[in-house]
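A structural walkthrough
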Amino acid sequence: TGARYHARMETDCNPMELSSMSGFEEGSELNGFEGTDMKDMRLEAEAVVNDVLFAVNNMFVSKSLRCADDVAYINVETKERNRYCLELTEAGLKVVGYAFDQVDDHLQTPYHETVYSLLDTLSPAYREAFGNALLQRLEALKRDGQS
């Protein structure tokens, strides 16, 4: 029932209703949402990792940085052996540190809508690996088409 309630709250955003909800934040029901949302951002992060793992040296969702309901952190080491800590939110991905599990609040790095565009700017070797994978897939499609 928690998820249904959450969806309903999003659809009829009545300001009166929201103000009467403010004392509700400590309620167990809200903590339940946090759990499900957190899993969503974490799942999102896992999906991001699985998408591009082939084109980097190492990439994994941070175990030491806390995933909140709206944020997850991903550690990546490019083929150039540069390490980054990425923040994943609704806004996209951005570099927040230049080492695993490092968040530097003073960094002013731009958000990228996709992990592809982010890695594209960080790693020429990523671009090459991605391009090669694409070419191989196209060749395979061409072969399949001719059989």
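Counting of residues starts from 1 at the beginning of each chain's written sequence and follows it residue by residue. The predicted origin of the model limits local features to residues at a pLDDT of at least 70 and limits the giving and counting of side-chain atom pairs to 80 or more, whereas totals for whole chains, interfaces and linings rest on all residues. Side-chain measures here rest on the full set of heavy atoms in the structure, leaving out hydrogens and waters.

Bringing the overall build of the protein into the picture now. When helices and strands are counted, the protein shows 5 helices and 4 strands. Where helices and strands are cited, they refer to DSSP runs of H or I of at least four residues and of E of at least two residues respectively, numbered from the N terminus. The order of helices and strands in the protein, counted from the N terminus, is α-α-α-β-β-β-β-α-α. Taking all 147 residues of the protein together, the buried fraction comes to 31%. For every accessible area listed, the method is Shrake-Rupley and the probe measures 1.4 Å; residues are considered covered only by the protein chains on display. Accessible surface, the protein as shown: approximately 9600 Å² in total, 52% of it carbon and sulfur. For every residue, the accessible area obtained with a 1.4 Å probe (protein chains only) is divided by the maximum for its type, and the residue is called buried under 20%, exposed over 50%, and partly exposed between those limits.

Our focus in this paragraph is the confidence of the model for the protein. Confidence of the predictor at the level of single residues is given by pLDDT, which spans 0 to 100. For the protein, mean pLDDT is 80; residues scoring 70 or higher make up 73% of the total. Contacts are residue-level and defined by heavy atoms, with any inter-residue pair within 4.5 Å sufficient. Low pLDDT, under 50, characterises residues 1-38; the stretch is placed with 23 contacts to residues that sit more than four places away or in other chains.

Let's shift gears to the pattern of salt bridges. Only one rule defines a salt bridge in this text: a Lys or Arg side-chain nitrogen within 4 Å of an Asp or Glu carboxyl oxygen. As enumerated under the stated definition, the model contains 4 salt bridges in all. Glu77 serves as the salt-bridge partner of Arg81, at 3.5 Å between the closest nitrogen and oxygen. For Asp120, the salt bridge identified is with Arg127, shortest N-O distance 3.0 Å. By relative accessible area, Asp120 is classed as partly exposed at 29%. Judged by relative accessible area, Arg127 falls into the partly exposed class, the value being 45%. One salt-bridge network, held together by shared partners, links Glu77, Arg81 and Arg83.

So, on to helix H4 (residues 115-122). Taken as a whole, H4 has its buried residues at Val115, Leu118, Leu119 and Leu122. One side of H4 carries all its buried residues, which in axial view fall inside an arc of 90°. By arc we mean the arc of the directions from the helix axis to the C-beta atoms, nothing more.

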